[in-house]
Amino acid sequence: QVQLVESGGGLVQPGGSLRLSCAASGSIASPNDMGWYRQAPGKQRELVGSITNGGTTNYADSVKGRFTISRDNAKNTIYLQMNSLKPEDTAVYYCSAGVVILSTFRPRNWGQGTQVTVSS
């Protein structure tokens, strides 16, 4: 089991960029696949995207082309690069360790979340 700590959230103007990081206390190498989720006020938590241990990524349609997930197993860290941010991207962002089964990410462990606010 890994413990996950997100960082990098904050306030950004529409059209701006942020990079979130998720540091793991244990190894995020095999067999952990990793994912990023977000939860906006009054809404359900939704999957933003995932990355397998082998580096295969998958994204929600709402962020495809704007967000990029990467991982550095040597640093036990995953990243979420967010570009062209929109007000509707405002949410608490969570990273998760889990497993991808039949192209669907199944979370097992969660971080505490980091707030991202997109506003002028």
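What counts and what doesn't
- Residues numbered from 1 in each chain as written.
- Predicted model: local features only at pLDDT ≥ 70, side-chain atom pairs only at ≥ 80, totals over all residues.
- Heavy atoms only, no water.
- Helix = DSSP H or I, 4+ residues; strand = E, 2+ residues; numbered from the N terminus.
- Rg over C-alpha atoms; globule rule 2.2 N^0.38 Å.
- Buried < 20%, exposed > 50% of the residue type's maximum accessible area, 1.4 Å probe, protein only.
- Contact = heavy atoms within 4.5 Å.
- Disulfide = S-S within 2.5 Å.

**Q** Help me out: how do you make sense of the overall build of the protein chain in this one?
**A** For the protein chain, the helix and strand inventory stands at 0 helices and 11 strands. Overall, the protein chain shows an N-to-C arrangement of helices and strands of β-β-β-β-β-β-β-β-β-β-β. Relative to the compact-globule value of 14 Å for 120 residues, the protein chain shows a C-alpha radius of gyration of 13 Å, a close match. Structurally, the protein chain occupies a C-alpha span of about 40 × 25 × 25 Å along its principal axes. Counting every position in the protein chain, which comprises 120 residues, the buried fraction comes to 45%. Summarising the internal contacts of the protein chain: among those between residues at least 6 apart in sequence, 56% fall at separations of at least 24.

**Q** Could you clarify how one ought to interpret the state of the cysteines in this entry?
**A** Two cysteines form a disulfide when their sulfur atoms are joined by a covalent bond. Enumeration over the complete set of coordinates arrives at 1 disulfide. Across the disulfide, cysteine 22 is cross-linked to cysteine 95 (sulfur-sulfur distance 1.9 Å). On the S-S bond that ties cysteine 22 to cysteine 95, the torsion sits near 45°, and the link is right-handed. A residue pair is termed long-range when its members are at least 10 positions apart, and cysteine 22 in strand S3 (residues 18-24) and cysteine 95 in strand S9 (residues 91-101) qualify at 73 residues. With respect to burial, cysteine 22 and cysteine 95 carry one shared label: buried.

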